[in-house]
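Working through the structure, step by step
Spelled out, the chains give:
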Amino acid sequence: MADTNKLVEQLSELSVLEIAGLVKQLEEKWGVSAAAPVTVATGPAPGGSAGGAPAAAEEKSTFDII
């Protein structure tokens, strides 16, 4: 079994560009994607109108200045 603490230390020393390259290599090797999943709405949002169209947001007209 791999020493995960040592692996974490090694990964912590990589630059952002090196990590991006590592992610791409792992995606290709394992046939996966690291993209964030997209959520699909299945009904009206809470506070939305019953017709499915979102309710118009009330524009703020007063502000507190400190």
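See the structure printed just above.
What comes next is a walk through the structure.

The rules behind the values
Residues numbered from 1 in each chain as written. Predicted model: local features only at pLDDT ≥ 70, side-chain atom pairs only at ≥ 80, totals over all residues. Heavy atoms only, no water. Helix = DSSP H or I, 4+ residues; strand = E, 2+ residues; numbered from the N terminus. Areas by Shrake-Rupley, 256 points an atom, 1.4 Å probe, with all protein chains shown as cover. Patch = residues over 30% accessible without salt bridge, like charges linked within 9 Å, V, L, I, M, F, W, Y side chains within 5 Å. Salt bridge = Lys/Arg side-chain N within 4 Å of Asp/Glu carboxyl O. Buried < 20%, exposed > 50% of the residue type's maximum accessible area, 1.4 Å probe, protein only. Expected span 1.5 Å × (residues − 1).

Okay, the overall build of the chain next. Helix and strand counts for the chain come out as two helices and zero strands. When the accessible area of the chain is evaluated, it comes to approximately 6600 Å², of which 60% is carbon and sulfur surface.

Together, L7, L11, L14, I19 and V23 make up a nonpolar patch on the protein surface, roughly 350 Å² of accessible area in all. At the level of secondary structure, the elements contributing two or more residues to the nonpolar patch comprise α1 (4–12) and α2 (16–30). Locating L11 in the fold gives a position in helix α1. Residue L11 is classed as partly exposed on the basis of its relative accessible area of 36%.

Owing to its 3.6 residues per turn, the α-helix aligns residues three or four sequence positions apart on the same side. Its 15 residues give α2 an end-to-end C-alpha distance of 21 Å, which sits within 8% of 21 Å, the value for a rise of 1.5 Å per residue. Directly after α2, the chain includes G31, whose backbone phi takes a positive value near 65°.

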